[in-house]
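Each chain, written out:
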Amino acid sequence: QDEIWHFYAGEAILIHMIDNNGIYQSVTIGNKIKQAEYFQYVIPANTWFASELKFKKGFSLCGCTVSPGFDFKDFEMPSRKYLIEKFPKQKKIISRLTNN
């Protein structure tokens, strides 16, 4: 399922992504288009992702649209160990963004 993240207000958000080939990419959603921020961004299906405030302060209001519709039976929250075993080259970012 593709996920479309929408930025509404507040501080910019970093979205970190790892595709099934282990390739890492990040994008920033926010309202400063001239600073390479996007109002919305599509995270492709079968991509692992996490998000965080870009500057670690304040708040952000965002939304997410899933297509086709979201069903919790399709949701997976992998462990840190699983992700590091699957994507060893991305150990640093995985370790920073996971807590188990």
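Attention in this report is confined to the structure presented alongside it. Bear in mind the structure is a predicted one, so any value in this text is a computation, not a measurement.

**With respect to unusual backbone geometry**
Excluding glycine, residues mostly have negative phi values, and the peptide bonds linking residues are mostly trans.
And then number 1: One non-glycine residue, N46, lies in positive phi territory at about 65 degrees.
And then number 2: The topology assignment puts N46 in the loop between strand 5 (40-43) and strand 6 (48-53).
And then number 3: Even without glycine at this site, K56 takes up a positive phi of about 60 degrees.
And then number 4: Taking relative accessible area as the criterion, K56 reaches 54% and is therefore assigned exposed.

**Some words on the nonpolar core**
And then number 1: W5, F7, I13, I15, M17, V27, I29, Y41 and I43 together form the largest nonpolar core, which totals nine residues.
And then number 2: Among the elements of the structure, strand 1 (2-10), strand 2 (13-18), strand 3 (24-29) and strand 5 are those that each provide at least two residues to this core.
And then number 3: With three residues, the top contributor of residues to this core is strand 2.
And then number 4: Setting aside residues up to four positions removed in sequence, I15 forms contacts with W5, Q25, S26, V27, I29, I43, F49, A50 and S51.
And then number 5: Counting seven residues, the second largest nonpolar core, distinct from the first, contains W48, I84, I93 and I94.

**Here we look at the sheet that holds strand 7 (residues 60-67)**
And then number 1: One open sheet holds the three strands; their spatial order is 5-1-7, and the pairing between them is antiparallel. The open sheet has two edge strands, strand 5 and strand 7, and neither has a second partner. Each neighbouring strand pair of the sheet contributes to a mean axis angle of 20 degrees, computed without reference to strand direction.
And then number 2: Bridge count between strand 1 and strand 5: four bridges; the pairing is antiparallel. Paired with E3 across the strands is I43, a residue of strand 5.

Definitions and limits used
- Residues numbered from 1 in each chain as written.
- Predicted model: local features only at pLDDT ≥ 70, side-chain atom pairs only at ≥ 80, totals over all residues.
- Heavy atoms only, no water.
- Helix = DSSP H or I, 4+ residues; strand = E, 2+ residues; numbered from the N terminus.
- Buried < 20%, exposed > 50% of the residue type's maximum accessible area, 1.4 Å probe, protein only.
- Core = buried A, V, L, I, M, F, W, Y, C linked by side-chain atoms within 4.5 Å.
- Contact = heavy atoms within 4.5 Å.
- Pairing = 2+ DSSP bridges.
- Axes fitted to C-alpha atoms, helices over the stretch in contact; angles between N-to-C directions.

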